[in-house]
Structures are given as C-alpha cells and as structure tokens.
Amino acid sequence: MDSGEKVTQTCAQLVTAQQMYEYNSNFSLDDGWTPAAGSRAATAVGYRGVACSWINDSSSERISLGVAHLRADTLASIEAQRAGGTQTPWGYFTVDGSTGRADAFTDDYWITLDSKTFFEPGDAAQLVEDVVGALG
C-alpha cells in the first residue's frame with residue numbers, strides 16, 4: 001500500500017492569499033476546517049497529504065482542496081477511478097449533484113478540488129494552476 005510522501009506545503013502556500021483574492025476576493029482560508037470522512041480531501045490526507053478549505057464570506061459556500069504526493073502506480077489507479085466527465089488539460093471535471101469536482105494529475109501529485117461554486121472546468125482551472133505552480 002502506498003502511504004504517500006508527506007506534502008510539506010501549507011494551505012497558504014498551495015494557494016496564496018493573493019491568488020485566492022484574484023480568483024474571488026470573497027473567499028477566506030478556513031484554518032479550523034477538517035475534511036469530512038470519506039471525502040476526496042480526507043482521502044488525500046490519508047496519503048499523508050494536505051486538505052484545505054476556503055469559505056465564502058457572504059454565502060458560506062466552500063472550496064475544498066486535497067493534495068497527495070503518490071507513487072506512479074497509485075496515481076494511475078486514482079486517475080482511472082476519477083476518469084469521466086469532462087476531460088481537461090490537467091485531468092477531469094465532473095458535477096455530482098450540485099458540487100463541481102476537479103481532479104488534476106501531475107507526475108507525482110493528485111490534486112482534488114470540490115465546490116458548489118464550480119459549474120464547469122474553467123471555474124476550477126485557475127486554482128488548479130496555482131496549486132500545480134506551488135508544488136513545482
């Protein structure tokens with residue numbers, strides 16, 4: 001079983017306050033947030049990853065992020081499970097009920113973003129690019 005490599009970046013490093021402000025100035029990092037059991041963000045944490053959440057100061061809608069650093073075979077397995085919906089340059093985008101879900105894959109990382117504010121792939125694209133940039 002791949003236990004993953006520890007993700008050392010903090011939430012504030014993965015998406016800086018300035019990047020979130022440029023994305024939507026009404027979202028703030030929620031330092032006290034814990035991902036729900038069984039969620040994609042919780043799965044990322046189970047691989048020694050990081051989970052983050054930003055909350056909309058007006059509507060209380062959330063953007064949740066999970067990042068896991070994985071072996072190639074584990075990454076390929078997760079990608080196969082998440083494949084579907086709209087294929088994007090970075091991975092896949094689906095809508096599950098009222099929640100948009102973006103799953104991005106790099107050589108070493110699985111990045112997952114969920115939000116009711118994501119209606120199509122472009123809604124998550126900038127945040128995916130910010131996280132990929134932070135992971136280097």
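What you are looking at is a predicted structure, and each value in this text was computed from that prediction instead of being measured.

Calculation notes
- Residues numbered from 1 in each chain as written.
- Predicted model: local features only at pLDDT ≥ 70, side-chain atom pairs only at ≥ 80, totals over all residues.
- Heavy atoms only, no water.
- Buried < 20%, exposed > 50% of the residue type's maximum accessible area, 1.4 Å probe, protein only.
- Helix = DSSP H or I, 4+ residues; strand = E, 2+ residues; numbered from the N terminus.
- Pairing = 2+ DSSP bridges.
- Arc of directions from axis to C-beta.
- Contact = heavy atoms within 4.5 Å.
- Disulfide = S-S within 2.5 Å.

1. Concerning the pairing of strand β2 (residues 50-56)
Line of reasoning, step 1. Of all seven residues in β2, six are buried; the element is thus mostly enclosed.
Line of reasoning, step 2. Across three bridges, the pairing between strand β1 (residues 27-29) and β2 is antiparallel. Considered in β2, the bridge of Phe 27 is made with Asn 56.
Line of reasoning, step 3. In this sheet, strand β3 (residues 62-69) lies alongside β2 in antiparallel orientation, the contact comprising six bridges. Note that in β3 the partner of Ser 53 across the bridge is Ser 64.

2. What to know about the pairing of strand β7 (residues 109-115)
On a regular strand, each side chain points to the face opposite its neighbour's, so the side chains alternate between the two faces of the sheet.
Line of reasoning, step 1. For β7, the buried fraction is high: seven of the seven residues fall into the buried class.
Line of reasoning, step 2. In β7, alternate side chains face the same way, and those of Tyr 109, Ile 111, Leu 113 and Ser 115 on one face and Trp 110, Thr 112 and Asp 114 on the other are all buried.
Line of reasoning, step 3. Pairing of strand β6 (residues 99-105) with β7, which is carried by six bridges, proceeds in the antiparallel orientation. Within β7, the residue paired with Asp 103 across the bridge is Thr 112.
Line of reasoning, step 4. In sequence, β6 turns back onto β7 through a hairpin of three residues.

3. Re helix α4 (residues 72-82)
Line of reasoning, step 1. Buried within α4 are the following residues: Thr 74, Leu 75 and Ile 78. In a view along the axis of α4, the buried residues occupy a sector of 100°, so they form one face of it. Of the exposed residues in α4, those oriented more than 90 degrees away from the buried face are Ala 72 and Ala 80.
Line of reasoning, step 2. Contact partners of the buried residues in α4: β6 and β7.

4. Here we look at the state of the cysteines
Line of reasoning, step 1. Going through the model one piece at a time under the given rule, you end up with one disulfide.
Line of reasoning, step 2. The partner cysteine of Cys 11 in its disulfide is Cys 52, sulfur to sulfur 2.1 Å. Looking down the S-S bond of the Cys 11 and Cys 52 bridge, the torsion is -90°, so its handedness is left-handed. Of this pair, Cys 11 sits in helix α1 (residues 11-14) while Cys 52 sits in strand β2, placing them 41 residues apart in sequence. Grouping residues by exposure puts Cys 11 and Cys 52 together as buried.

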